[in-house]
There are 2 protein chains.
Amino acid sequence: VAVIACIVADWGTTNLRAWALDAEGGIVDRRESSHGLLTIERGRFAEALAEVASGWLPASPSRSMPVLLSGMVGSKLGWKEVPYLALPMALDELARHVGPVESPLHAAIRIVPGVKRDDAKQPDVMRGEETQIFGALQILKGQDGVFVLPGTHSKWAIVEKGKLISFRTYMTGEVFGLLRRSGTLSQLMEGDHHDDAAFAEGVARGASADAGGLLHRLFSVRTLGLLDQMPRANLASYLSGLLIGAEVRDGLAWLRLADRAGITTGIGSPAILESYRQALRILSGADLAVIDSGDVVPPALFSIARAAGLLTATSV
Amino acid sequence: VAVIACIVADWGTTNLRAWALDAEGGIVDRRESSHGLLTIERGRFAEALAEVASGWLPASPSRSMPVLLSGMVGSKLGWKEVPYLALPMALDELARHVGPVESPLHAAIRIVPGVKRDDAKQPDVMRGEETQIFGALQILKGQDGVFVLPGTHSKWAIVEKGKLISFRTYMTGEVFGLLRRSGTLSQLMEGDHHDDAAFAEGVARGASADAGGLLHRLFSVRTLGLLDQMPRANLASYLSGLLIGAEVRDGLAWLRLADRAGITTGIGSPAILESYRQALRILSGADLAVIDSGDVVPPALFSIARAAGLLTATSV
């Protein structure tokens, strides 16, 4: 039986993904829960952690299990606010700024800080993605890279010599969800089947310079449906293409301004990365290397936990 | 006591505004109801019309009151679908294409057609705004003009020699409503107080070429709130500015492409027109002449009803 040396978790707005790791960072067990921040009532974070880590925590109060968390759990809306680190930020600084959380559990809990771009003209924030980027660099054994992390709030990020030097957030996933579930476009969209051709048409239109701003282009979902120019079952794929196309077009322009050749690596779930890969191929001809975010979080948090000296302090 | 010669109404997705007019088009009475299309159940349009026109319709079946309707009531989702007219469309053609609706009421009901831009690359549709534009031209005693009609789905339109030659829709109002009421931005926005400075800052950022695409700029609402760079009570005004700024920037670029000097006239409710006026002043320095949409609909529909020969057929 493998011995659990620490627990790590990516705790975001909608999900909680946790891993039990051994002393070398090997995965002993893993669990996923829908207890993201939005479902936690009245600050019951310790209860949600105890539930997802059931059987992993020591029964005796004489031991304290190291627990390292990343993501929105460290925000104002989370368990405890851990101040943002400012850009440019060396990724190995994360370990020096983990923030402690008190709890009744037999655990020594720390949260990884987020990162802010504290610029009045272009402010931005991330929480959780910094850990994924750190993990991807370890896997790639590199110190430089350009990353895209699709999701509710997609992040595009540039790393140079081990430092996160810039990033940009897009509300692509959230805007898709709002328009898919409510409002006048949702009335016309039928089903969630993915249609490649409709997605590609959306990407092309979403990225076209002469198709008008996004607020105009979005209305084409309605028009194509009303004028029977596209089957309603394909409209959700088309909308997804419109939004991802708009994001990728702007992201590529941003990278050109920053004098970066292009995206090297996508980090996320395989399904959404496939859509970004397709959009990138349409818009730039380039391919997207992909890393499953589930593969980067455990080694990244293990490495931060070790660098922060958390693994040695398990007995009290 | 003035005699009611006809009833006209602007019947949209969320509202029903009706007027009783005399034989010269003078307003005898007016009513407003929240029985927009979204609240009509199981096709009970006749009941909703009878309610808003209570006391206006003849008691005796020997008379049939002319009723002319415009707006989404003529769409697939409305009372009866009246086919779209295609661009370019002479506005005086509207009268020749009004569509009849059967009903048990003592009324001869017609619906004004909408307009479509039936172009695979840039399809677009309007229903109701064509009537408002027709009415504005009558008030302005002109045959040419550029119009902006802000709303849930804003329309920008170009009229030349009495013909509607082009238009473009923006989902500005709907996207604002979705983001204001739900999702992660809504959690940070407090109240609906209008702050001029926050609105102006949103307009400037929403229209800035180097501030990234809209999906990125929207996230600044969250960042400014999280980093305490803007009071939460001002974030809704800032979001409104971001969206209207994005629309006006794109609309102005579209007008330049179409070789039009700028917007001459806004048609809508006074409050929303004031926001567009401010945005336009910030982005182009130009002023916006404004017409209250409540002032254009009755004369426009009266004029269409007369041209369609509806006013003479009141006795059966």
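Since we're looking at a predicted model, the values are computed, not measured.

Novice: I tried to follow helix α2 (residues 129–140) of chain B on my own but got confused; where do I start?
Specialist: Since the α-helix turns once every 3.6 residues, residues separated by three or four places project in the same direction. Residues and elements named next belong to chain B. Spanning 12 residues, α2 covers 16 Å between terminal C-alpha atoms, matching the ideal 16 Å at 1.5 Å per step. Most of α2 is tucked away: 9 of the 12 residues are buried. The set of residues buried in α2 consists of E129, E130, T131, Q132, I133, F134, G135, A136 and L137. Two residues or fewer after α2 comes K141, characterised by a positive phi angle close to 50°.

Novice: Honestly, the interface of chain B and chain A in this entry has me stumped. Any pointers?
Specialist: You'll often see interface size given as the accessible area lost when the parts meet. Contact residues are listed per partner, giving 54 residues for chain B and 54 residues for chain A. Roughly 4,400 Å² is buried in total at the junction of chain B and chain A, and carbon and sulfur atoms are behind 64% of that figure. Of all residues in chain B, L215, H216 and F219 of chain B bury the most surface against chain A, accounting for 17% of the area lost on that side. Joining chain B to chain A, the criterion identifies 2 salt bridges. Residues K76 of chain B and D228 of chain A are paired through a salt bridge, measuring 3.3 Å at the closest nitrogen-oxygen approach. Where chain B meets chain A, there are 18 residue pairs in polar contact (both at pLDDT 80 or more). Of all the elements in the fold, those that place two or more residues in the side of chain B that touches chain A are β9 (115–117), β10 (124–126), β13 (163–170), α3 (172–181), α5 (214–217), α6 (219–226) and α7 (235–257) of chain B. It is α6 of chain B that provides the largest number of residues to the side of chain B that touches chain A, a total of 6 residues. Taken together, the residues of the side of chain B that touches chain A sort by class into 23 nonpolar, 14 polar and 17 charged.

Novice: What is the right way to read the nonpolar core from this model?
Specialist: Side chains of a nonpolar character, in soluble globular proteins, are inclined to be buried together. With 86 residues, the main nonpolar core has L218, V221 and V248 of chain A together with L218, V221 and V248 of chain B as its most contacted residues. When neighbours within four sequence positions are excluded, L218 of chain B is seen to be in contact with M171 and V175 of chain A together with L179, L185, L239, L242 and L243 of chain B. Formed by 36 residues, the second largest nonpolar core is a distinct cluster that contains L21, L91, V115 and V296 of chain A.

Novice: What am I meant to see in the relation of the copies chain B and chain A here?
Specialist: Two chain copies, one operation linking them: a rotation about an axis together with a shift along it. Mapping chain B onto chain A calls for a rotation angle of 180° and an axial translation of 0.0 Å; the resulting RMSD is 0.0 Å. These values place the two chain copies in the arrangement generated by a two-fold rotation axis. Interface overlap between copies is the fraction of interface residues in one copy that are interface residues in the other; for chain B against chain A it reaches 100%, indicating a shared surface.

Novice: Would you mind going over the sheet that holds strand β10 (residues 124–126) of chain A with me for this structure?
Specialist: The pairing of strands in a sheet comes from backbone hydrogen bonds and takes either a parallel or an antiparallel form. Residue and element names in this part refer to chain A. Across the sheet, 3 strands lie side by side as β5-β9-β10; this open sheet has mixed pairing. Of all strands in the sheet, those with a lone pairing partner are β5 (85–86) and β10, marking the two edges. Sheet topology places β5 next to strand β9 (residues 115–117); 2 bridges connect them, and they run parallel. Looking at β9, one finds that A86 is bridged to K116.

Calculation criteria
Residues numbered from 1 in each chain as written. Chains lettered and ligands numbered in written order. Predicted model: local features only at pLDDT ≥ 70, side-chain atom pairs only at ≥ 80, totals over all residues. Heavy atoms only, no water. Helix = DSSP H or I, 4+ residues; strand = E, 2+ residues; numbered from the N terminus. Expected span 1.5 Å × (residues − 1). Buried < 20%, exposed > 50% of the residue type's maximum accessible area, 1.4 Å probe, protein only. Contact = heavy atoms within 4.5 Å. Buried area = accessible area lost by both parts, 1.4 Å probe. Salt bridge = Lys/Arg side-chain N within 4 Å of Asp/Glu carboxyl O. Polar contact = N/O pair within 3.5 Å; in protein donor to acceptor, adjacent residues only side chain to side chain. Nonpolar A, V, L, I, M, F, W, Y, C, P; charged D, E, K, R; others polar. Core = buried A, V, L, I, M, F, W, Y, C linked by side-chain atoms within 4.5 Å. Least-squares fit on C-alpha atoms with pLDDT ≥ 70 in both. Pairing = 2+ DSSP bridges.

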